[in-house]
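What follows is the residue order along each chain.
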Amino acid sequence: MKKILKNSAACCLLIFLFLYSPFTIMAQKKESTIRKVYLQAGAGGNTLDGDHGELSLQTIFNNKWSATISYHSLSMKPKNLPSDYVPGTGTFLFFIPYSDNVVVNMNLFSLTAGKYFQTGKKSWITTEAGLSIVNGETASFQRTASTTIEPFGIIFGITGTTSNYNYTIENKSSIGAMIRADYNWAFSRFFGLGAGVFANFNSIQSPVGYNLKLTMGWMGRKAKGKL
């Protein structure tokens, strides 16, 4: 996985942990309102040959509604990658292959809310929609001739050819619309597994993805022997 969790993800995790404690206390005091509060950490793939990581905090209200604050870190091909683009390729130190593929990164900070559906004693589904703050990269391409790497490179063990396009990367920000759905299974009172899908629509690049998750927190399950 390429750049799944960047430095900003660590900041988000600290925020989630900070939020987790008061929510848990609130849940214990107002059990009739807040039924579950848990962190989700996941990773998976997305469109344009990409991959991503996710950190989120999800809360279930009255066994009817859900709300989630989430962070996604994505890497993928640019949506405007020329159809005839050929990456620079070759070998390093005469035997290690390399390829100069173009990758753009994106960070999504989202707040979503929606419906909760109980599917079993230990499992449930949530479907949500909301808004995202989007920080992403765009690529601009300029056609050029592909050339063989000069002898200077060969002295240092680099051989091959350059790409038929030069490109530049630019950072942009936008507001996006997020939709997501999660399936969760609590195998204990405090831990569970999950799977999710999401789509984000914004002016920079609109990814669609899937992931597998580990969940931890207050799952709403009572201890054995308690009613």
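Here the structure is a predicted model, which is why all the values come from computation and not from measurement.

Colleague: So what exactly am I meant to see when it comes to the sheet that holds strand 7 (residues 123-143) here?
Modeller: Pairing between sheet strands relies on hydrogen bonds along the backbone, with the strands arranged either parallel or antiparallel. With antiparallel pairing, the eight strands of this closed barrel are ordered in space as 1-2-3-6-7-9-10-11. Direction aside, the axes of adjacent strands within the sheet are offset by 25 degrees on average.

Colleague: How should I be thinking about the environment of serine 174 in this particular structure?
Modeller: Considering the arrangement of structural elements, one finds serine 174 in strand 9 (residues 165-186). The buried category is assigned to serine 174, whose relative accessible area is 13%. Remark: the alpha-carbon pair of serine 174 and valine 134, spanning 40 residues in sequence, is separated by 5.0 Å.

Colleague: Got a minute to help me understand the pattern of salt bridges in this structure?
Modeller: Side-chain pairing between opposite charges can occur once the charged atoms of the two side chains come close. This structure, assessed with the given rule, holds six salt bridges. Residues aspartate 49 and lysine 77 are paired through a salt bridge, measuring 2.8 Å at the closest nitrogen-oxygen approach. Remark: lysine 77 occurs in the loop between strand 3 (65-76) and strand 4 (88-92) and aspartate 49 occurs in the loop between strand 1 (34-46) and strand 2 (50-61); sequence separation between them is 28 residues. Judged by relative accessible area, which is 34%, lysine 77 ranks as partly exposed. Among the ionic pairs, aspartate 182 bridges to arginine 180, the shortest N-O distance being 2.7 Å. The exposure class assigned to aspartate 182 is buried, which follows from its relative accessible area of 3%. The exposure class assigned to arginine 180 is buried, which follows from its relative accessible area of 6%. Here the salt bridges do not stand alone but share partners, grouping Glu54, Arg180, Asp182 and Lys213 into one network.

Colleague: What is the right way to look at the pairing of strand 3 in this model?
Modeller: For a regular strand, side-chain orientation follows a simple rule: the groups alternate between the two sheet faces. Most of strand 3 sits out of view: nine of its twelve residues are buried. With eleven bridges connecting them, strand 2 and strand 3 associate as antiparallel partners. Bridge pairing in strand 3 links leucine 57 to isoleucine 69. Pairing of strand 3 with strand 6 (residues 104-118) involves twelve bridges; the strand directions are antiparallel. Pairing of serine 66 across the sheet is with glycine 114, part of strand 6.

Colleague: What should I look at first to understand the packing of aromatic side chains in this one?
Modeller: Any pair of aromatic rings gets described here by the distance separating the centres and the angle formed by the planes. The tally for this structure, following the rule as stated, stands at seven aromatic pairs. Here tyrosine 71 and phenylalanine 109 contribute two aromatic rings whose centre-to-centre distance is 4.9 Å and whose plane-to-plane angle is 40 degrees, an arrangement assigned as tilted. Of this pair, tyrosine 71 sits in strand 3 while phenylalanine 109 sits in strand 6, placing them 38 residues apart in sequence. Given the relative accessible area of 27%, phenylalanine 109 is considered partly exposed. Between the aromatic rings of tyrosine 85 and tyrosine 165, the centroid separation amounts to 6.2 Å while the plane-to-plane angle is 40 degrees, which identifies the pairing as tilted. Within this pair, whereas tyrosine 85 is found in the loop between strand 3 and strand 4, its partner tyrosine 165 is found in strand 9, the two being separated by 80 residues in sequence. Judged by its relative accessible area of 12%, tyrosine 85 falls in the buried class. Chaining the aromatic ring pairs together yields one cluster made of Tyr85, Phe141, Tyr165 and Tyr167. Residue placement shows lysine 115 over the ring face of tryptophan 65; its charged tip is 4.5 Å from the ring centre.

Colleague: Even after reading the chapter, I still don't get the side chain of glutamine 58, so can you show me in this structure?
Modeller: Within the secondary structure, glutamine 58 is located in strand 2. Classification of glutamine 58 by relative accessible area gives buried; the value is 0%. Here the side chain of glutamine 58 touches tyrosine 38 through a polar contact of 2.5 Å, side chain to side chain. Here the side chain of glutamine 58 touches threonine 68 through a polar contact of 2.8 Å, side chain to side chain. Sequence-distant contacts of glutamine 58, that is, excluding residues within four places in its chain, are made with Lys36, Val37, Tyr38, Gln40, Ala67, Thr68, Thr126, Glu128, Asp182 and Asn184.

About the criteria used
- Residues numbered from 1 in each chain as written.
- Predicted model: local features only at pLDDT ≥ 70, side-chain atom pairs only at ≥ 80, totals over all residues.
- Heavy atoms only, no water.
- Pairing = 2+ DSSP bridges.
- Helix = DSSP H or I, 4+ residues; strand = E, 2+ residues; numbered from the N terminus.
- Axes fitted to C-alpha atoms, helices over the stretch in contact; angles between N-to-C directions.
- Buried < 20%, exposed > 50% of the residue type's maximum accessible area, 1.4 Å probe, protein only.
- Salt bridge = Lys/Arg side-chain N within 4 Å of Asp/Glu carboxyl O.
- Phe/Tyr/Trp six-rings, centres within 6.5 Å; stacked < 30°, edge-to-face > 60°.
- Lys NZ or Arg CZ within 6 Å of the ring centre and 35° of its normal.
- Polar contact = N/O pair within 3.5 Å; in protein donor to acceptor, adjacent residues only side chain to side chain.
- Contact = heavy atoms within 4.5 Å.

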